[in-house]
Amino acid sequence: AAANEAEHLAKLGRLAAQLLASRDEAAASGMELERLIMSTAESDAAKAGQLLLMTHKLANMQAQQDRNDADAPRILEVEAQLRDALEQLAEAQQSLVFAVESKRMLEIRLADMKQELDATEARHACVVKDLEARLKLAGGFNEAESEVL
């Protein structure tokens with residue numbers, strides 16, 4: 001009888017540990033999902049800021065060129081700067097295209113992770129239900145303890 005009781009208590013302990021591990025896995029999946037969402041937003045904001053900076057730089061160079069129409073050597077210099085700025089703008093636009101594509105791919109990945117999280121939560125619910133049923137069958141299940149676990 002004492003051996004049976006010890007085996008019963010050990011089984012209850014293992015079932016409770018499985019329940020806690022399943023909940024930890026669900027929490028970790030939720031945190032990874034939040035991290036991906038924040039990373040995507042930060043990347044978009046950085047690329048938009050870079051594009052805005054390049055646009056302002058180009059506008060400033062154009063204004064400088066307008067002020068120096070009478071100065072031919074200065075015009076040539078400004079035109080060279082303008083070409084550089086246009087090249088940088090083209091690079092920034094290419095980076096933005098890559099960022100948009102990256103965002104699209106991350107959104108697909110995010111959707112996949114959401115589906116996996118939903119599936120994990122469903123599995124978790126099944127595991128919890130199964131563990132509660134086992135505990136109930138083992139005689140150690142209490143509704144009040146169910147809320148704590």
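Look up: the structure comes first, before these words.
The rules behind these values
- Residues numbered from 1 in each chain as written.
- Predicted model: local features only at pLDDT ≥ 70, side-chain atom pairs only at ≥ 80, totals over all residues.
- Heavy atoms only, no water.
- Helix = DSSP H or I, 4+ residues; strand = E, 2+ residues; numbered from the N terminus.
- Rg over C-alpha atoms; globule rule 2.2 N^0.38 Å.
- Buried < 20%, exposed > 50% of the residue type's maximum accessible area, 1.4 Å probe, protein only.
- Contact = heavy atoms within 4.5 Å.
- Areas by Shrake-Rupley, 256 points an atom, 1.4 Å probe, with all protein chains shown as cover.
- Lys, Arg positive; Asp, Glu negative; His and termini not counted.
- Charge placed at Lys NZ, Arg CZ, Asp CG, Glu CD.
- Core = buried A, V, L, I, M, F, W, Y, C linked by side-chain atoms within 4.5 Å.
- Expected span 1.5 Å × (residues − 1).
- Polar contact = N/O pair within 3.5 Å; in protein donor to acceptor, adjacent residues only side chain to side chain.

Description of the overall build of the chain
Assigned secondary structure in the chain consists of 3 helices and 0 strands. The N-to-C order of helical and strand elements in the chain reads α-α-α. In terms of overall size, the chain is more extended than a compact globule, its C-alpha atoms giving a radius of gyration of 31 Å where 149 residues would be expected to give roughly 15 Å. The principal-axis extent of the C-alpha atoms belonging to the chain is close to 105 × 25 × 20 Å. Looking at the chain as a whole, 19% of its 149 residues are labelled buried. Long-range pairs, those at least 24 residues apart, make up 76% of the contacts in the chain with a sequence separation of at least 6. Carbon and sulfur atoms make up 59% of the accessible area of the chain, which amounts to about 10400 Å² in all. The centroid of the 17 positive side-chain charges in the chain is displaced by 3 Å from the centroid of its 27 negative side-chain charges.

Brief notes about the nonpolar core
M54, L58, M61, L82, A85, L89 and A92 form the largest nonpolar core, which has 7 residues in total. Going through the elements one at a time, α1 (2–67) and α2 (72–138) are the ones with two or more residues in this core. No other element matches the 4 residues that α2 contributes to this core. Beyond its immediate chain neighbours, meaning those up to four positions away, M61 contacts V78, Q81, L82 and A85.

Observations regarding α2
With 67 residues, α2 should cover 99 Å at 1.5 Å per step; its first-to-last C-alpha distance of 94 Å lies within 8% of that length. Just downstream of α2 lies G139, where phi reads positive at about 90 degrees.

Regarding the environment of H124
Turning to its location among the elements, H124 is positioned in helix α2. Residues H124 and R109, 15 residues apart in the sequence, show an inter-C-alpha distance of 22 Å. The residues contacting H124, other than those within four sequence positions of it, are L19, S22 and R23. At 2.5 Å, the side chain of H124 forms a polar contact with the side chain of S22.

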